[in-house]
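Single-letter residue listing:
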Amino acid sequence: MELKEFLKYKNIVIQCHDNPDADALASGYALMWYFAQNKKEARFIYRGRNEIQKSNLKMMIKELEVPVKYDPFFTDEPDLLITVDCQYGQKNITTTKAKRVAIIDHHQKVTTLPGMARIRSDIGSCSTLCWDMIREAGFNPNDNRLLATALYYGLYTDTNRLSEVSHPLDRDMMDTLVINKGTITEMVNSNISLDELQITGKAILNYEYHASNKYLVIEAEACDPCILGVISDFALETENVDVCVAFYQSPYEVKFSVRSCSKEVHADELAAFLAEDLGGGGGGHNLKAGGSIQPDYLKKPARETIEERLVQYYDRYLVIYAKNTKLNTSKMQAYEKIAQSLGCVKLTDVFPLGTPINIRTLEGDVDTVVDKEAYLMIGVEGEVYPIKENKLLSSYQLTNFVFTREFEYEPRIKNRVTGEVKFVMPYAKTVRTLGTSIVFAQPLKQPVKLFTAWTEDKYYSGDVGDYLTVRADDEHDIYIVKGALFNKFYKRR
Ligand SMILES: [Mn+2]
């Protein structure tokens, strides 16, 4: 679904969820601006029992000129109703009758959707999604600085002051928007009401500490989700606390924030585990993450579910440090690697020697400097990672054939001096695996966290059915191959 499909409708209403937050307001604002650029009239409303009270949101509406109207008794039946930052028919948005419905959202898809929809639940804010759709339609949100500032603030508040951002599209928007910094600072500094300050204090008094695995669970009253970030950031500074989960339960959702300073616990992985099969989701990175759960999916209070899942989480993994582990290969099956074609990019083909660059992929950002030996590999799964020439030539043969592949987010490189961005794929050539290497492997019977010999502060997770694999010629070169891919890469000897 694209924005231009909306232009054929006459009477258009945009509605965000009841009790709007900054992301909902910015998203509706973005669509209003898009329609104005196309000389179309539209209305932007929110409904529900409460008119906006929070001072940062009032400030946002006034200073950034958000054209939103509180319209609790709306009775018109528009030709097109677009719901933003929520899904039509859900509990958190008062139902408005309409001839046609469209949904733009970044939450987990909860129902069979009525009509058109664009839902990207991997993205940090609905503002990012609207920003992307507007650019796709050929407009530049930076043409309106107030809108750009609103979009930035939408992402900022939905990702706990940007700390839980993980998707490259969110980063692209952060880097690109030209904003009024002063307005952001003002809004950030009137974010919490005195009542919420009290909620923060009360929540911290009621912590639950688990000494065996050094984690804290803190329940707060329903509040602005940013409070959860404040609580968990603060609580993690406590000695002997390695992981903290702060949450609240409201009738509409359970929200939680996860913080970890333990290298054995990636916050985003734990967040995803807490929300698994509970109608929500999690996002973030190793140190900070957040997520939500749909209360309808819970069979008991959120507190019990979260406590139980934490126990399960700590019980489920076997941790392997490849550097000082020798696997018993006599019990493992020997396999031979099947020849593969992969992609590679010589960085000096993209930017001149010595250029400081930022490489952005779905897996994250890497900052480096272009040197003579630097290449990028593009793996079978589309994963992109830097590799040095000698390592590349020891396992692969270079060819002059172009390499093509489709990506959810196409990897790109930014020149950190000039800001120029280039896509990687036009420079990609095919490489082929050289010779055969022998490995030993066995399917995992228990989930594993593996610290490879090269990654000491980051682990790879393997699930039941994935293969624990070790090279025959290097007993510490242990890695995990996804179960579904193993037979593509290896054959029995
Ligand atoms: Mn949102």
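Remember, it's a predicted structure, so these values are computed and weren't measured experimentally.

Conventions and cut-offs
- Residues numbered from 1 in each chain as written.
- Predicted model: local features only at pLDDT ≥ 70, side-chain atom pairs only at ≥ 80, totals over all residues.
- Heavy atoms only, no water.
- Salt bridge = Lys/Arg side-chain N within 4 Å of Asp/Glu carboxyl O.
- Helix = DSSP H or I, 4+ residues; strand = E, 2+ residues; numbered from the N terminus.
- Buried < 20%, exposed > 50% of the residue type's maximum accessible area, 1.4 Å probe, protein only.
- 1 Å grid on protein atoms, 1.4 Å probe; cavity = no way out; pocket = protein on both sides within 12 Å on 5 of 7 lines; lining within 4 Å.
- Points joined across faces, edges and corners; volume = space filled by probe spheres on them.
- Nonpolar A, V, L, I, M, F, W, Y, C, P; charged D, E, K, R; others polar.
- Domains from an automatic or database assignment.
- Donors = N, O, S within 2.8 Å, 3.2 Å for Na, K, Ca; no water.
- Patch = residues over 30% accessible without salt bridge, like charges linked within 9 Å, V, L, I, M, F, W, Y side chains within 5 Å.
- Areas by Shrake-Rupley, 256 points an atom, 1.4 Å probe, with all protein chains shown as cover.
- Arc of directions from axis to C-beta.
- Contact = heavy atoms within 4.5 Å.
- Pairing = 2+ DSSP bridges.
- Axes fitted to C-alpha atoms, helices over the stretch in contact; angles between N-to-C directions.
- Left-handed = near helix turned anticlockwise from the far one by under 90°.

Asks: What am I meant to see in the pattern of salt bridges here?
Replies: In a structure, side chains of opposite charge can pair up when their charged atoms sit close to one another. The tally for this structure, following the rule as stated, stands at 33 salt bridges. Here Arg 316 and Asp 463 are joined by a salt bridge, their closest N and O atoms 3.7 Å apart. Here the residue Arg 316 occupies a position in helix H10 (residues 302-316), and Asp 463 occupies one in the loop between strand E26 (460-462) and strand E27 (467-471), the gap between them amounting to 147 residues. Look at Arg 316 and you get partly exposed, because its relative accessible area is 24%. Residue class for Asp 463 comes out partly exposed when judged on its relative accessible area of 39%.

Asks: In this structure, what is going on with the layout of surface pockets? I would like to understand it.
Replies: To find leftover empty space, one rolls a probe the size of a water molecule over the atoms. The volume enclosed by the second largest pocket comes to roughly 230 Å³. The wall of the second largest pocket is formed by Trp 131, Arg 135, Asp 172, Asp 175, Thr 176, Asn 358, Arg 360, Arg 412, Lys 414 and Val 421. Counting only elements with at least two residues in the lining of the second largest pocket, the list comes to helix H3 (126-136), helix H5 (168-176), strand E16 (356-361) and strand E21 (412-415). With three residues, H5 is the single largest residue contributor to the lining of the second largest pocket. Taken together, the residues that form the lining of the second largest pocket break down as two nonpolar, two polar and six charged. Both domain 1 (3-188) and domain 4 (340-433) contribute no fewer than three residues apiece to the lining of the second largest pocket.

Asks: What is the right way to read the coordination of the manganese ion from this model?
Replies: Six octahedral donors at a metal ideally form angles of 90 or 180 degrees, and four tetrahedral donors ideally form angles of 109.5 degrees. Of the protein atoms, only Asp 23 (OD), Asp 85 (OD), His 106 (NE2) and Asp 158 (OD) coordinate the manganese ion, at distances of 2.1 to 2.3 Å. The sequence pattern describing where the donors of the manganese ion fall on their chain is D-x61-D-x20-H-x51-D. Within this pair, whereas Asp 23 is found in helix H1 (residues 22-37), its partner Asp 85 is found in the loop between strand E4 (80-84) and strand E5 (101-105), the two being separated by 62 residues in sequence. Judged by its relative accessible area of 1%, Asp 85 is buried.

Asks: I'm lost on a nonpolar patch on the surface in this one. Help?
Replies: A surface patch of nonpolar side chains, about 310 Å² in accessible area, is lined by Ile 192, Leu 194 and Leu 197. Within the secondary structure, Leu 194 sits in helix H7 (residues 194-205). On the accessibility criterion, Leu 194 (70% relative accessible area) is exposed.

Asks: What exactly am I supposed to notice about helix H6 (residues 181-188) here?
Replies: Working note: α-helix, 3.6 residues per turn, so residues spaced by three or four point in the same direction. For H6, the set of buried residues is Thr 183, Ile 184 and Met 187. When H6 is viewed along its axis, its buried side chains cluster within an angular range of 100° and face the same direction. Buried residues in H6 make contact with helix H2 (55-63) and helix H4 (145-158).

Asks: Even after reading the chapter, I still don't get the pairing of E27, so can you show me in this structure?
Replies: For E27, the buried fraction is high: four of the five residues fall into the buried class. Looking at chain direction, strand E24 (residues 438-443) and E27 are connected through five bridges and run antiparallel. Across the sheet, the residue bridging to Phe 440 is Val 470, located in E27. As judged from the five bridges shared by E27 and strand E28 (residues 474-481), these two strands associate in the antiparallel manner.

Asks: Is there a simple way to think about the packing of H4 against H6 in this case?
Replies: When two helices pack together, you describe them by how their axes are tilted relative to each other and by the distance separating the axes. At a minimum axis separation of 10 Å, H4 and H6 run at an interaxial angle of 40°. As H4 runs across H6, the sense of the crossing is right-handed. Every residue of H6 that contacts H4 at Thr 149, Tyr 152, Tyr 153 and Tyr 156 is listed here: Thr 183, Ile 184, Met 187 and Val 188. Each residue belonging to the contact of H4 with H6 can be placed in one class, and the counts come to six nonpolar, two polar and no charged.

Asks: Can you help me understand the sheet that holds strand E6 (residues 116-119) in this one?
Replies: The strands making up a sheet are joined through hydrogen bonds of the backbone, oriented either antiparallel or parallel. Strands sit in the order E3-E2-E1-E4-E5-E6 across an open sheet of six strands; the sheet is parallel. The sheet is open, and its two borders are formed by strand E3 (69-70) and E6, each paired with just one other strand. Here H3 sits on the sheet and contacts E4, E5 and E6; the angle it forms with E5, its principal contact strand, is near 115°.

Structural measurements only, silent on function.
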